[in-house]
Amino acid sequence: MTVAPVSLPQLVKHEVKDLSLAPMGRQRIEWAGREMPVLRQIRDRFATEKPFAGLRLVACCHVTTETAHLAIALKAGGADAVLIASNPLSTQDDVAASLVVDEGISVFAYKGEDTETYLRHVNIALDHKPNVIIDDGSDVTATLIQQRQDQIADLIGTTEETTTGIVRLRAMLRDGVLTFPAMNVNDAQTKHFFDNRYGTGQSTLDGIIRATNVLLAGKTVVVAGYGWCGKGTAMRARGLGANVIVTEVLPVPAIEAVMDGFRVMPMDEAAALGDLFITVTGNKHVIRGEHFAKMKDGAIVCNSGHFDLEIDLKALKAQSSEVKTVRNFTEEYRLNNGKSVVVLGEGRLVNLAAAEGHPSAVMDMSFANQALACEYLVKNKGQLEPGLYSIPDEVDQEIARLKLAAMGIAIDSLTAEQIEYMNSWTEGT
Ligand SMILES: NC(=O)c1ccc[n+]([C@@H]2O[C@H](COP(=O)([O-])OP(=O)(O)OC[C@H]3O[C@@H](n4cnc5c(N)ncnc54)[C@H](O)[C@@H]3O)[C@@H](O)[C@H]2O)c1
Ligand SMILES: Nc1ncnc2c1ncn2[C@@H]1O[C@H](CSCC[C@H]([NH3+])C(=O)O)[C@@H](O)[C@H]1O
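What counts and how
- Residues numbered from 1 in each chain as written.
- Chains lettered and ligands numbered in written order.
- Predicted model: local features only at pLDDT ≥ 70, side-chain atom pairs only at ≥ 80, totals over all residues.
- Heavy atoms only, no water.
- Helix = DSSP H or I, 4+ residues; strand = E, 2+ residues; numbered from the N terminus.
- Rg over C-alpha atoms; globule rule 2.2 N^0.38 Å.
- Buried < 20%, exposed > 50% of the residue type's maximum accessible area, 1.4 Å probe, protein only.
- Areas by Shrake-Rupley, 256 points an atom, 1.4 Å probe, with all protein chains shown as cover.
- Salt bridge = Lys/Arg side-chain N within 4 Å of Asp/Glu carboxyl O.
- Pairing = 2+ DSSP bridges.
- Right-handed = clockwise from strand over helix to strand, strands pointing away.
- Core = buried A, V, L, I, M, F, W, Y, C linked by side-chain atoms within 4.5 Å.
- Contact = heavy atoms within 4.5 Å.
- pLDDT = per-residue confidence, 0-100.
- Near = heavy atom within 4 Å.
- Polar contact = N/O pair within 3.5 Å; in protein donor to acceptor, adjacent residues only side chain to side chain.
- Axes fitted to C-alpha atoms, helices over the stretch in contact; angles between N-to-C directions.
- Nonpolar A, V, L, I, M, F, W, Y, C, P; charged D, E, K, R; others polar.

Participant: Describe in detail the overall build of the protein, supporting the description with residues and values.
Facilitator: The helix and strand tally for the protein stands at 18 helices and 15 strands. Taking 22 Å as the expected radius of gyration for a compact globule of 429 residues, we find that the protein reaches 23 Å, a close match to that expectation. C-alpha extents for the protein along the principal axes are approximately 90 × 65 × 45 Å. With 429 residues in all, the protein has 53% of them scored as buried. Accessible surface for the protein amounts to roughly 19,800 Å². Of this, 53% is attributable to carbon and sulfur atoms.

Participant: Which residues make up the pattern of salt bridges, and what values go with them?
Facilitator: A full pass over the atoms with the stated rule returns 23 salt bridges. Here arginine 26 ties to glutamate 30 by a salt bridge, and the two come within 3.6 Å at their closest N and O atoms. Taken as a pair, arginine 26 and glutamate 30 lie in helix α1 (residues 22–33) at a separation of 4 residues, close to a single helical turn. Of the residues examined, glutamate 30 reaches a relative accessible area of 49% and is grouped as partly exposed. Measuring nitrogen to oxygen at the nearest pair gives 2.9 Å for the salt bridge that ties glutamate 356 to arginine 28. Pair noted here: glutamate 356 is in the loop between α15 (350–353) and α16 (360–379) and arginine 28 is in helix α1, with a separation of 328 residues, a long-range link.

Participant: Give a detailed account of the pairing of strand β2 (residues 80–85), specifying residues and quantitative values.
Facilitator: Judged by how many residues are buried, β2 sits mostly within the fold: 5 of 6 residues are covered. Inspection of the sheet shows strand β1 (residues 56–61) paired to β2 by 6 bridges, in the parallel sense. Bridge assignment links alanine 59 to a residue of β2, and that residue is leucine 83. The parallel pair β1 and β2, bridged by helix α3 (residues 65–76), forms a crossover whose chirality is right-handed. The pairing of β2 with strand β3 (residues 106–108) spans 3 bridges and is parallel. Bridge pairing links isoleucine 84 to phenylalanine 108 in β3.

Participant: Explain the nonpolar core to me, using residue names and the numbers behind them.
Facilitator: The biggest cluster of nonpolar side chains holds 50 residues, and the ones touching the most others in it are Leu57, Val63, Leu74, Leu99, Val107 and Ile134. For this core, the elements supplying multiple residues, two or more each, are α2 (37–49), β1, α3, β2, α4 (93–101), β4 (132–135), α16 and α17 (393–407). Looking at this core element by element, the count peaks at 10 residues for α16. Apart from residues no more than four positions distant in its own chain, valine 63 is found in contact with Leu83, Ile84, Ala85, Ser90, Thr91, Gln92, Val95, Ala96, Val107 and Ala109. In this structure, Leu216, Ala237, Leu276 and Ile300 belong to the second largest nonpolar core, which totals 24 residues.

Participant: Explain the confidence of the model for the protein to me, using residue names and the numbers behind them.
Facilitator: On average, residues of the protein score 97 in pLDDT, and 98% of them are at 70 or above. At the level of chain-chain contacts, confidence expressed as ipTM amounts to 0.99, with global pTM at 0.97.

Participant: So what about the site of ligand 2? Which residues, and what values?
Facilitator: In the neighbourhood of ligand 2, 20 residues make up the surrounding shell, with Thr64, Ser86, Glu161, Asp195 and Phe307 lying closest. Contact between ligand 2 and glutamate 356: a nitrogen atom at 3.4 Å from a main-chain N or O atom of the residue. Take histidine 358: an N or O atom from its main chain is 2.9 Å from a nitrogen atom of ligand 2. Here ligand 2, which alone exposes 570 Å², has 97% of that area covered by the protein.

Participant: Hey, could you go over the sheet that holds β4 for me, with residue numbers and the actual values?
Facilitator: Across the sheet, 7 strands lie side by side as β3-β2-β1-β4-β5-β6-β15; this open sheet has parallel pairing. In the strand order of this sheet, the two ends are held by β3 and β15 (387–390), each with one partner. Neighbouring strand axes in the sheet, compared pairwise and without regard to direction, differ in orientation by 20° on average.

Participant: A description of the site of ligand 1 should follow, citing residues and the corresponding values.
Facilitator: Around ligand 1 there are 26 residues in total, and Thr162, Thr163, Thr164, Cys229 and Glu248 lie nearest to it. One nitrogen or oxygen atom from the side chain of threonine 162 is found 2.8 Å from an oxygen atom belonging to ligand 1. Cysteine 229 is positioned with one of its backbone polar atoms (N or O) 2.8 Å from an oxygen atom of ligand 1. Protein chains bury 86% of the 860 Å² of accessible surface belonging to ligand 1 in isolation. Broken down by secondary-structure element, the contributors of at least two residues to the shell around ligand 1 are α7 (163–174), α9 (195–212), α10 (228–239) and α15. Counting residues per element, the shell around ligand 1 draws most heavily on α9, which supplies 3 residues. For the shell around ligand 1, the class distribution of residues is 8 nonpolar, 16 polar and 2 charged.

Participant: Quick one: what's the story with unusual backbone geometry, residue by residue and with numbers?
Facilitator: Even without being glycine, histidine 285 reaches a positive phi, approximately 50°. Along the chain, the position of histidine 285 falls in the loop between β10 (276–279) and α13 (289–294). For histidine 285, a relative accessible area of 26% gives the class partly exposed. Phi is positive for phenylalanine 329, which is not a glycine, with a value near 60°. In this structure, phenylalanine 329 sits in the loop between β12 (320–327) and β13 (330–335). With relative accessibility at 31%, the residue phenylalanine 329 sits in the partly exposed group.

Written as structure tokens, this is what we have:
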């Protein structure tokens, strides 16, 4: 008897850690999907309408169970998609494997890739010659502008997920190099009100706790930056019983923090008081040499803002005699002054390095915005001037309406009398 050769499935191009992790990834992707009803409805419509048929798409996102649902929705809409990581430490290897094996989506990402590999993956993504780019931090967009001007003709537009990516896009616009339309997903209300605030608030503490298992009750926690992420992080740290200090550089958020009941002071003073430091500013070297020198022995320092620049690790290394890994994602620096400082997640986003990032319930709205932003670009192909575009308010309101409906929550509607009143100026007291 002859045995028919076993034919291995033809896999899409990929560079992931271990394809045998796919079943676990698939199970976890399904679990996340339970809390992503808005994106599910968009995916179902995309599957019928195929808005991305014939289009090449690159997504540079954290490769998580939530991003998997975005990638699946885009593929259902006909996109020929390549997914790369938006951070060297955030990839969930089982998810990457499942997307390749079960969904036929090209993924180039693995947890712990070095900077060289990260940048190589950005270039592999650009080799795909994308018509649409979903970016998270603007690394792909910046590389396209700096190194691949010849490919800009292929591009319909880009979408940007996060605050620092928008800051970079505004700088590109100012410098006259943003020569295509870019959708500002971060500034949609259904993105930053929930993702940056409640998502970062919860997942940052989740990352810190998973990495260290420290008790937060009674600790002094210093939160640097009182924007959307800072507000969420300070609120949740207080909820766990911490005494929270906020540092800021802008007067308005500083007063807001004071009136929200937090102590506000410069980092130079806070450095000596904190047990745990969390940066969420999007800025560079917010905690630096002079601050490490003042810290208590054993102070824990981490970042949930952007890249690995908020904490000056080079300065810390220069003033240390030894670095020791004491737990996963937890490194202890022995300072020359005899004290130690503990750094989590190599100074990269602690919520994605040491935990799983935001819960799917908030990413549902963030990625509904991403999916609809891509569709908007494609529907308006050739009609949008180069520049940065807001998500239309009706799209924002519709995402919130679908989310409320999925949560079984009803709200009031304006009466005819109220509509008339809101539109008139003649009726007073
Ligand atoms: N970890 C995550 O999953 C996650 C989620 C969303 C956003 N982010 C990132 O977090 C960062 C903050 O985002 P956001 O939406 O809160 O931005 P934001 O603009 O709302 O707030 C940032 C705040 O930091 C303050 N700041 C700047 N430099 C400072 C300094 N040296 N010291 C103290 N405060 C300083 C600013 O004045 C501002 O109030 C961005 O880099 C963003 O991309 C991360
Ligand atoms: N579970 C998650 N899955 C995918 N993206 C996430 C998740 N949690 C947070 N994010 C996104 O991560 C973004 C910040 S990441 C900052 C970007 C930069 N590439 C860096 O890694 O430093 C936020 O705007 C979130 O929308």
